[in-house]
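Architecture and fold: a report
Now for the letters of each chain:
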Amino acid sequence: MQIPQRVQLIDVGPRDGLQNEKSPVPAAVKIELVHRLQAAGLTEIEVTSFVSPKWVPQMADNAEVMAGIQRQAGVRYSVLTPNQIGFEAALKSRPDEIVVFGAASEAFSRKNINCSIAESMERFAPVVQAALAAGIAVRGAMSCAVGCPYEGDVSPASVSYLAGLMKQIGVQRVDMADTIGVGTPLKVQKAIEATLKHFAPAQICGHFHDTYGQALANTLAALDMGVWNFQSSVAGLGGCPYAKGATGNVATEDVVYMLHGMGINTGIDLDKLVDAGKFISDFLGRPSGSRVATAILSKRAG
Ligand code: HMG
Ligand code: MG
């Protein structure tokens, strides 16, 4: 197995993690979570989305959250922007990176962003161009790269097709997302292989939801293919509101523990990360979704 010396983690907890919470989470709590993540050494944080508040009410405080963050040098703050309206609103918050989000399955594209894959590209293209012209980096999320809640298995050909479209419109790097966590290592490798037709390993981020408990194994399978950027969510928070039954991303604590155990550097202080996860889990009033955090907290208590 090829093992990189370093892995870059993007914590998507404040966005993917909290977007699905039923009760409102105050902006101050989201801001505090971002502060704790950066204090733990995260250098990329997906903060919020500029989407319709009718579709995702939890992200309605996007501008307030972005304005409240005390930015730390060397940290990249990203936000989701599905269209021109979202991008224009996001611009005022000066994100370092915007994320356009499409899907490898037609049905999911329609449920999530209310348009076909082809239409989504027409919407994204001017957003991508405007962002690049403004010196803002651009990432493209590819949902349902392994399976879809509406269509079932998704073929590598569909992933390659979407990755090719993302490349054509100028997206700089892509998230290979297993939205509903159904992937297993060989399927994930096939989806990565399909993405590699258009993007270099350094331009691919693994985004694995852990619904079926496969995310760490999938992370390892992706690492073995030279992928070294991953998204994860502190305390394993989250799920997509338009992917019923899907749980959160793999917990950042679990990924960090695995990587550090393999001698791979992440720049993250696991103890401080566990504290960040405890902060948000305490606020939400439920135990952390991270096995590692649970183990470390019970060891501390003992
Ligand atoms: P639409 O209804 O088709 O939009 O929604 P529209 O252009 O027809 O506009 C309708 C109304 O929405 C108008 O307002 C617009 O101004 C407003 P009205 O005239 O009726 O008062 N509007 C907006 N407001 C705020 N921000 C905007 C915006 N755009 C239009 N950006 C839209 C299309 C994409 C906006 C909608 O479908 C939407 O907001 N979807 C949200 C999807 C979402 O956030 N999903 C979760 C994130 S993706 C995810 O979790 C997956 C990921 O983690 C990877 C993985 O795991 O797969 C990334
Ligand atoms: Mg997701």
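Going by the structure above, here's the rest.
These remarks concern the structure in this document.

Conventions used here
Residues numbered from 1 in each chain as written. Chains lettered and ligands numbered in written order. Predicted model: local features only at pLDDT ≥ 70, side-chain atom pairs only at ≥ 80, totals over all residues. Heavy atoms only, no water. Helix = DSSP H or I, 4+ residues; strand = E, 2+ residues; numbered from the N terminus. Rg over C-alpha atoms; globule rule 2.2 N^0.38 Å. Buried < 20%, exposed > 50% of the residue type's maximum accessible area, 1.4 Å probe, protein only. Contact = heavy atoms within 4.5 Å. Areas by Shrake-Rupley, 256 points an atom, 1.4 Å probe, with all protein chains shown as cover. Near = heavy atom within 4 Å. Polar contact = N/O pair within 3.5 Å; in protein donor to acceptor, adjacent residues only side chain to side chain. 1 Å grid on protein atoms, 1.4 Å probe; cavity = no way out; pocket = protein on both sides within 12 Å on 5 of 7 lines; lining within 4 Å. Sits in = over half its atoms within 2 Å of the grid points. Nonpolar A, V, L, I, M, F, W, Y, C, P; charged D, E, K, R; others polar. Points joined across faces, edges and corners; volume = space filled by probe spheres on them. Pairing = 2+ DSSP bridges. Axes fitted to C-alpha atoms, helices over the stretch in contact; angles between N-to-C directions. Phe/Tyr/Trp six-rings, centres within 6.5 Å; stacked < 30°, edge-to-face > 60°. Lys NZ or Arg CZ within 6 Å of the ring centre and 35° of its normal.

1. What about the overall build of the protein chain?
Per the secondary structure count, the protein chain includes 12 helices and 10 strands. Here the C-alpha radius of gyration of the protein chain, 18 Å, is about what a compact globule of 302 residues would show, namely 19 Å. In terms of its C-alpha atoms, the protein chain occupies a principal-axis envelope of roughly 55 × 45 × 35 Å. Per-residue burial over the protein chain gives 56% buried out of 302 residues. Of the contacts made within the protein chain by residues no fewer than 6 positions apart, 75% connect residues no fewer than 24 positions apart. Total accessible area on the protein chain is roughly 12,100 Å²; 54% of this is exposed by carbon and sulfur atoms.

2. Quick word on the site of ligand 1
Surrounding ligand 1, one finds 26 residues, the nearest of these being Arg 15, Asn 83, Asn 114, Ser 143 and Thr 179. In this structure, an oxygen atom belonging to ligand 1 sits 2.8 Å away from a side-chain N or O atom of Arg 15. Contacts to ligand 1 include Asn 83, whose side-chain N or O atom sits 2.8 Å from a nitrogen atom. Comparing atom positions with the cavity grids shows ligand 1 to sit within the largest pocket. Those elements that provide at least two residues to the shell around ligand 1 are helix H1 (13-17), helix H4 (84-91), helix H5 (106-113) and strand E5 (137-143). Taken together, the residues of the shell around ligand 1 break down into 13 nonpolar, 10 polar and three charged.

3. Brief notes about the layout of surface pockets
It is a probe the size of a water molecule, rolled over the atoms, that shows where empty space is left. Of the voids in this model, the largest pocket is the one considered here, and its volume is about 630 Å³. Considering the residues around the largest pocket, the lining is formed by 37 residues, among which Val 51, Pro 82, Phe 101, Asn 112 and Ile 113 are closest to the centre. By residue class, the composition of the lining of the largest pocket is 20 nonpolar, 12 polar and five charged. Empty space within the second largest pocket amounts to approximately 150 Å³. Looking at the second largest pocket, it is lined by 13 residues, and the ones nearest its centre are Gln 19, Glu 21, Val 56, Pro 57 and Gln 58.

4. Considerations on the sheet that holds E5
Read once around its circumference, the closed barrel built from eight strands follows the order E1-E2-E3-E4-E5-E8-E9-E10, with strand pairing classed as parallel. Averaged over all adjacent pairs, the angle separating strand axes in this sheet is 25°, with direction ignored. Bridge analysis of strand E1 (residues 8-11) against strand E2 (residues 44-49) gives two bridges, and the strand direction is parallel. Within E2, the residue paired with Asp 11 across the bridge is Ile 45. Strands in contact with helix H7 (residues 156-168) are strand E4 (97-103), E5 and strand E8 (173-178); relative to E5, the strand with the most contacts, it is inclined by about 160°.

5. Digging into the packing of aromatic side chains
Here a ring pair, both rings aromatic, is described through the centre-centre distance and the interplanar angle of the planes. For the structure shown, the criterion picks out two aromatic pairs. Pairing Phe 208 with Phe 230 gives two aromatic rings, centres 6.4 Å apart and planes at 50°, and the pair type is tilted. Note that Phe 208 is positioned in strand E9 (residues 204-208) and Phe 230 in strand E10 (residues 229-232), a separation of 22 residues in sequence. Residue Phe 230 is classed as buried on the basis of its relative accessible area of 2%. Over the face of the ring belonging to Phe 199 we find Lys 167, whose NZ or CZ atom lies 4.9 Å from the ring centre.

6. Things to note about the side chain of Arg 173
Position of Arg 173 relative to the elements: it lies in strand E8. A relative accessible area of 10% means that Arg 173 is categorised as buried. A distance of 2.7 Å separates polar atoms of two side chains, one belonging to Arg 173 and the other to Glu 44. Not counting residues up to four positions away in its chain, the partners in contact with Arg 173 are Ile 10, Glu 44, Arg 76, Glu 97, Val 138, Arg 139, Gly 140, Phe 199, Gln 203, Cys 205 and Asn 229.

Without other data, these values stay purely geometric and don't point to any function.
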